[in-house]
Amino acid sequence: MKAADLWRMPTPDAEAFASQQPFCIDTMSLPQWVRFVFIARLNALIEARAAMPAKCEIAPAVAAYLQQEKTPAHHQLLIVRAVEKVDQLVTES
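The structure presented is a predicted model; accordingly, all values stated were derived computationally and were not measured.

Asker: Explain the side chain of T71 residue by residue, including any values.
Answerer: Topologically, T71 is positioned in the loop between α2 (59-68) and α3 (73-92). Apart from residues lying up to four places away in sequence, T71 is in contact with A4, L66 and Q76.

Asker: I'd like to hear about the layout of surface pockets, residue by residue, with values.
Answerer: Of the volumes computed, that of the largest pocket is approximately 180 Å³. If you go around the largest pocket, the residues you meet are M1, W7, V34, F38, I39, L42, I58, L78, I79, A82, V83 and V86. For the lining of the largest pocket, the secondary structure elements donating two or more residues are α1 (30-47) and α3. Ranked by the residues each element gives to the lining of the largest pocket, the list is headed by α3, at 5 residues. For the lining of the largest pocket, a count of residues per class yields 12 nonpolar, no polar and no charged.

Asker: Please give an account of the pattern of salt bridges that cites residues and values.
Answerer: For the structure on display, the rule yields 1 salt bridge. One salt bridge connects K55 with E57, and the closest N-O pair in it is separated by 3.9 Å. Using a relative accessible area of 59% as the deciding quantity, one classes K55 as exposed. Look at E57 and you get exposed, because its relative accessible area is 52%.

Asker: Requested: an account of the nonpolar core, with residues and values cited.
Answerer: By size, the foremost hydrophobic cluster in this structure holds 21 residues, and its most contacted members are W33, V62, L66 and I79. If you list the elements that add at least two residues to this core, you get α1, α2 and α3. When residues of this core are assigned to their parent elements, the largest contribution, 6 residues, is made by α1. If sequence neighbours within four positions are ignored, I79 has contacts with M1, A4, L6, V62 and L66.

Asker: Can you break down the packing of aromatic side chains residue by residue, with the values?
Answerer: Within the structure shown, the criterion is met by 2 aromatic pairs. Summarising the aromatic geometry, the rings of F23 and W33 are spaced 4.8 Å apart at their centres and angled 90 degrees between planes, so their arrangement reads as edge-to-face. Placement of F23 in the segment before α1 and of W33 in helix α1 is noted, with a sequence separation of 10 residues between them. What makes F23 partly exposed here is its relative accessible area of 26%. Relative to F38, the ring of W33 has its centre 5.4 Å away and its plane inclined at 25 degrees; by these criteria the two rings are stacked. Using a relative accessible area of 8% as the deciding quantity, one classes W33 as buried. On the accessibility criterion, F38 (12% relative accessible area) is buried. Taken together, F23, W33 and F38 form an aromatic cluster joined through their ring pairs.

Basis of the calculations
- Residues numbered from 1 in each chain as written.
- Predicted model: local features only at pLDDT ≥ 70, side-chain atom pairs only at ≥ 80, totals over all residues.
- Heavy atoms only, no water.
- Helix = DSSP H or I, 4+ residues; strand = E, 2+ residues; numbered from the N terminus.
- Contact = heavy atoms within 4.5 Å.
- 1 Å grid on protein atoms, 1.4 Å probe; cavity = no way out; pocket = protein on both sides within 12 Å on 5 of 7 lines; lining within 4 Å.
- Points joined across faces, edges and corners; volume = space filled by probe spheres on them.
- Nonpolar A, V, L, I, M, F, W, Y, C, P; charged D, E, K, R; others polar.
- Salt bridge = Lys/Arg side-chain N within 4 Å of Asp/Glu carboxyl O.
- Buried < 20%, exposed > 50% of the residue type's maximum accessible area, 1.4 Å probe, protein only.
- Core = buried A, V, L, I, M, F, W, Y, C linked by side-chain atoms within 4.5 Å.
- Phe/Tyr/Trp six-rings, centres within 6.5 Å; stacked < 30°, edge-to-face > 60°.

Structure (structure tokens):
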């Protein structure tokens, strides 16, 4: 995400985190959700030595977002592969 310039972004307002929609789609961009919600939640689970979710499938949403935003193909490939690996690791844990 850093290589595709999708990492540097403003932190969403506190109210944005209260969204009940998948990926906070009504209050955040997908990169904001990945950075400020998904990664933060995974880090919290790891720190607490808690169980990971039984299923993790965010790669398709990330791939669709990157295509919609016309992210260069080489960045799409790198990002989607990384997210697929995270999906796999979380699901297998």
